[in-house]
Structure formats: C-alpha cells, structure tokens
Amino acid sequence: MVACLGVSEPVAGSDVANIKTRAKKKGDDYVINGSKTWITNGHQADWTCLLVNTGDGPAHKNKSLICVPLDSEGVTRGRRIDKLGMYCSDTAELFFEDVRVPQSNLIGQEGAGFFYQMLQFQEERLFVGAGVLLPLDMMIADTIEYTKNRKVFGKSVLDNQVVHFRLAELQTEVELLRSLLYRATALYVQGQDVTRLASMVKLKAGRLVREVSDACLQYYGGMGFTSDMPISRYYRDTRVLSIAGGADEVMLGIISKCMGSLPK
Ligand SMILES: Cc1cc2nc3c(=O)[nH]c(=O)nc-3n(C[C@H](O)[C@H](O)[C@H](O)COP(=O)(O)OP(=O)(O)OC[C@H]3O[C@@H](n4cnc5c(N)ncnc54)[C@H](O)[C@@H]3O)c2cc1C
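What this report covers is the structure whose coordinates are included nearby. Each chain carries its own residue numbering, running from 1 in the direction its sequence is written. It should be noted that, the model being predicted, local features are given only for residues of pLDDT at least 70 and side-chain atom pairs only at 80 or more, the latter also being counted only at that level, while totals for whole chains, interfaces and linings use all residues. Heavy atoms from the whole structure form the basis of all side-chain values; hydrogens and water molecules are not counted.

1. Looking at the nonpolar core
Heads up, the rule is: Residues belong to one nonpolar core when they are buried, are Ala, Val, Leu, Ile, Met, Phe, Trp, Tyr or Cys, and are joined through side-chain atoms within 4.5 Å. Under the scheme applied here, a residue whose accessible area is under 20% of the maximum for its type counts as buried, over 50% as exposed, and between as partly exposed, the area being computed with a 1.4 Å probe on protein chains only. Contact criterion: two residues are considered in contact whenever any of their non-hydrogen atoms come within 4.5 Å of each other.
Residues L136, M139, L177, V212 and I231 are the most contacted members of the largest nonpolar core, which totals 35 residues. Once residues within four sequence positions are removed from consideration, I231 is found in contact with M139, S213, C216, L217, Y220 and G224. Counting residues in hydrophobic clusters, the runner-up holds 17 residues, among them I39, A45, V68 and F96.

2. A closer look at the pairing of strand β5 (residues 63-69)
Rules: Secondary structure elements follow DSSP: runs of H or I of four or more residues count as helices, runs of E of two or more count as strands, with numbering from the N terminus. Whether two strands pair depends on DSSP finding at least two bridges between them.
Most of β5 is tucked away, with five of its seven residues classed as buried. Note: strand β4 (residues 47-53) against β5, seven bridges, orientation antiparallel. Residue pairing in the sheet places N53 in a bridge with K63 of β5. Pairing of β5 with strand β8 (residues 106-107) involves two bridges; the strand directions are antiparallel. Its bridge partner lying in β8, L65 is registered against I107.

3. Thoughts on the state of the cysteines
The condition is simple: Note on terminology: pairs of cysteine sulfur atoms within 2.5 Å are recorded as disulfides.
Within the structure shown, the criterion is met by zero disulfides. Looking at C88, it has no disulfide partner, and the nearest cysteine sulfur is the one in C4, 16 Å off.

4. Comments concerning the pairing of strand β2 (residues 22-26)
Sheet topology note: the β2/strand β3 (residues 29-40) ladder contains five bridges and is antiparallel. Each residue of the ladder has a partner; that of K26, found in β3, is D29. Connecting the antiparallel pair β2 and β3 is a turn made up of two residues, with G27 showing a positive phi of about 60°.

5. A closer look at the pattern of salt bridges
Operational definition: Whenever a carboxyl oxygen of Asp or Glu lies within 4 Å of a side-chain nitrogen of Lys or Arg, that contact is scored as a salt bridge.
Tallying each qualifying case throughout the model produces 15 salt bridges. In this structure, E145 and K148 form a salt bridge, with 3.8 Å as the shortest nitrogen-oxygen distance. Of this pair, E145 and K148 both sit in helix α1 (residues 113-149), separated by three residues, roughly a single helical turn. Relative accessible area serves as the criterion here: at 40%, K148 is assigned to the partly exposed category. The closest approach of N and O atoms between E175 and R178, which form a salt bridge, is 2.9 Å. With a gap of three residues between them, E175 and R178 both fall in helix α2 (residues 161-189), about one helical turn apart. Accessibility expressed as a relative area gives 33% for E175, which makes it partly exposed. On the basis of relative accessibility, which here comes to 17%, the residue R178 falls in the buried class. Ionic contacts of the salt-bridge type, sharing partners, join the residues D137, E175 and R178 into one network.

All we've got here are geometric facts, nothing functional implied.
Structure below.
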C-alpha cells in the first residue's frame, strides 16, 4: 500500500491551522469536502492521512486526522504538478466532494489532529536531516574526484587552494549537521520533546544542501550545468528542502518561540 500525507491546501501551507477541508458526521460516517495540494505520492497512493476540520472551536483544537482510501467515491486526483526538480516523485492536487468514510477511520482522538501533526513534523524534520547526509557526502566526494582529474591551466582544478579549502569547509559543516542530528535523534528516541533541535536540523539541512550543491556545481564548470552530471540533479532536487515540510522562515519562527524571543 502506498500512503500520502494530506495536510497542505491552496490557502494553507506554512499556516497549517488555516486549512478549510471539513469532515462532518453523518450516521456512522464522516462526510468530507475540500481540497489538498502539493501531495507527494498523491497520484499513486492507495490512501491518505488527511488533516481536516471536525469542529468549530479554536484552530489548534478543532482538527482531526482521518484515513481516507483514495478510491472512495467523490475523490478526484487533479493535475500532476510540474516541478523544478524531484521528477521521480509525483506531486498531486486532491479534491474531496461528499466523500464518505466510516468514523472508525479516525486516527486517535477527534480534535487532536493538529497536535498529532505537529508531533509527526518532528520526525519528518529529523528525517530531512538524515536524508541529506549521504547526498552531502557524495556531492563533496564526487567533486573531489572530478576536479582531481580535470586539468585547467596545466594543473588539477582541485589543486587550487580556494577549491580544496572550500570543500574542506563544507565537509566540516556536514559533520556539524551530522552531530546535531545524532544528538536530536538520541533525545527523541529517549522520548524527549525535540521541537527546538529538530527545527534547527531542518533549517540547517535545507540551507547546507543548497550551499553544497551550488558550490560543488561551480567546480564542474560547464559540465555541472548538464544533465550528464549527478550534481545538476542534486542542485535541482534539493532546492525544495528549504520549503517543503516547513519553510526555513517557519523553522526560524519555531526556534525563536522555543528561545522565548518571538513577539507574542
Ligand atoms: C515538492 C513538494 C512536496 C510536498 N509534499 C507535501 C505533502 O506530501 N503533503 C503536504 O501536506 N504538503 C506537502 N508540501 C507542501 C509544503 O509543506 C508547503 O509547500 C510548505 O509548507 C510551504 O507552504 P506554501 O507552499 O503554501 O508556502 P506559503 O505558506 O505561501 O509561504 C511562502 C513563503 O513565505 C515565507 N513565509 C512563510 N511563513 C513565514 C513567516 N512566518 N515569516 C517569514 N516568512 C514566511 C517563506 O519563505 C515561504 O516559503 C510539498 C511541497 C512541495 C513543493
């Protein structure tokens, strides 16, 4: 079974609390109306874990997560969104018109969906950090290999101090990210709230992967701008990591809140 996470909507990406999709109880069912966008795997998924409004109370206490099979009557999959990168991953719009699912498809408690979603984001943000470590190492290693063999002005590109020093700096940043991720993950496994550290991991991972892919691509010269080189794909595919799963600015807001420095 392929699953997908249905949170974002056209009017609610960073501001998750502003979602409009609603589920109303009718008999033993929920009847769902609304739409989602940016849904990774949305075209191939069998079901979605859908964040919906189930009440009219405060925005953080009126939401629930409901498991919705995507072959249900009233579900329409919209266009396949044409993206800058991540071509291997489909990104869909989903529409729900009077979609009925049994109330037993509710995940956990009604009204706790926003809280559950924020908990899930902690894991997703650690996962982003873990997911970029290998690409970061590979980008730097591949660039060393390429620049060692590429001769310009009679010597290897790598032998220019500006090049091997820059790669050494970037590898140092990668090791710092690795340490932060391991520390945050160890605390998470112990059952601690790692909102602050997980948000820092996500912020740093998104920014570092952009910095490394851009710096490494530069040292390939024109070849870096071609589809023949994996570095061009890294450059395209990793750009989204400062946006999806919570933009950098959203991470900075959470970190500021944890530090007590966010204006009320
Ligand atoms: C490829 C891809 C896959 C995705 N997969 C999924 C998925 O599977 N499921 C899902 O539910 N969603 C998914 N998303 C949605 C993603 O989580 C949102 O795109 C993201 O949260 C940003 O929301 P938005 O695009 O509506 O940007 P907006 O909310 O419109 O924000 C635009 C920009 O405004 C700035 N901004 C926002 N808030 C602040 C602030 N408080 N202070 C300062 N600046 C701010 C940021 O720079 C931000 O990038 C995916 C997105 C992409 C691009």
